[in-house]
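# Inside the fold
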Amino acid sequence: MNEVFGVFYLYLAEGNYSGEFFNNHLNSFRDENIVPNPGTQGYIGTFQTNWMESGKMHTADLKITFENNIYSLLWSNVQIEGEIQQVTFSGRGILENDRLVCVYKMNSPLQK
């Protein structure tokens, strides 16, 4: 998998989460489906995510924590078309206009 870095935002409207991302391999924003796991409150908790990129379905577990006014995001268990990838994605963000806006990057197996 080639190096990936980009921006991601998440918002909650009428009880539903919506996400969009843009990275160094794209020319426009793409939708990311976000489904909260039980116990998630607002933007803090765990989520199941999926998105299409390069014509392939990607899925991941997303964990969001909050400390010192900064949100930390970690996408793990990343899969492409059901095949586990040896990478994670991590990001950090803030709330802006009721949206969680973050920058993110891909981590190799040695970087956490």
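Look up a bit, the structure's there.
The text that follows walks through the structure, step by step, so that each part is easy to find. Treat the numbers as computed from the prediction; the structure is a model and nothing was measured.

### Regarding the overall build of the protein chain
Summing up its helical and strand segments, the protein chain has zero helices and nine strands in all. Each helix and strand of the protein chain, placed in order from N terminus to C terminus, yields the pattern β-β-β-β-β-β-β-β-β. Here the C-alpha radius of gyration of the protein chain, 13 Å, is about what a compact globule of 112 residues would show, namely 13 Å. Overall, the protein chain is about 30 × 30 × 30 Å in size when its C-alpha atoms are taken along their principal axes. For the protein chain, with 112 residues in total, the buried portion stands at 37%.

### Structural notes on the pairing of strand S5 (residues 56-67)
Of the strand pairs in this sheet, strand S4 (residues 45-53) and S5 are connected by nine bridges, and their pairing is antiparallel. Pairing of asparagine 50 across the sheet is with threonine 59, part of S5. Linking two consecutive strands that pair antiparallel, namely S4 and S5, is a turn of two residues; a positive phi of about 55 degrees is found at serine 54 within it. Here S5 runs beside strand S6 (residues 70-80); their pairing, made up of nine bridges, is antiparallel. Among the inter-strand pairings, threonine 65 is bridged to a residue of S6, identified as serine 72. Hairpin connection of S5 to S6: two residues between the antiparallel strands, including asparagine 68 at a positive phi of 55 degrees.

Definitions and cut-offs
Every chain is numbered on its own, with residues counted from 1 as its sequence reads. Totals for whole chains, interfaces and linings use all residues, but because this is a predicted model, local features are given only for residues with pLDDT of at least 70 and pairs of side-chain atoms are given and counted only at 80 or more. Calculated side-chain values reflect all of the structure's heavy atoms, with hydrogen atoms and water omitted. Helix and strand definitions here come from DSSP, where helices need a minimum of 4 consecutive H or I residues and strands a minimum of 2 consecutive E residues; each element is numbered from the N-terminal end. This radius of gyration counts C-alpha atoms alone. The globule rule is 2.2 Å times how many residues there are, raised to the power 0.38. Note on exposure labels: buried denotes an accessible area under 20% of the residue type's maximum, exposed denotes more than 50%, and partly exposed covers the range between, all computed with a 1.4 Å probe on protein chains only. In this description, strands pair whenever DSSP reports at least two bridges between them.

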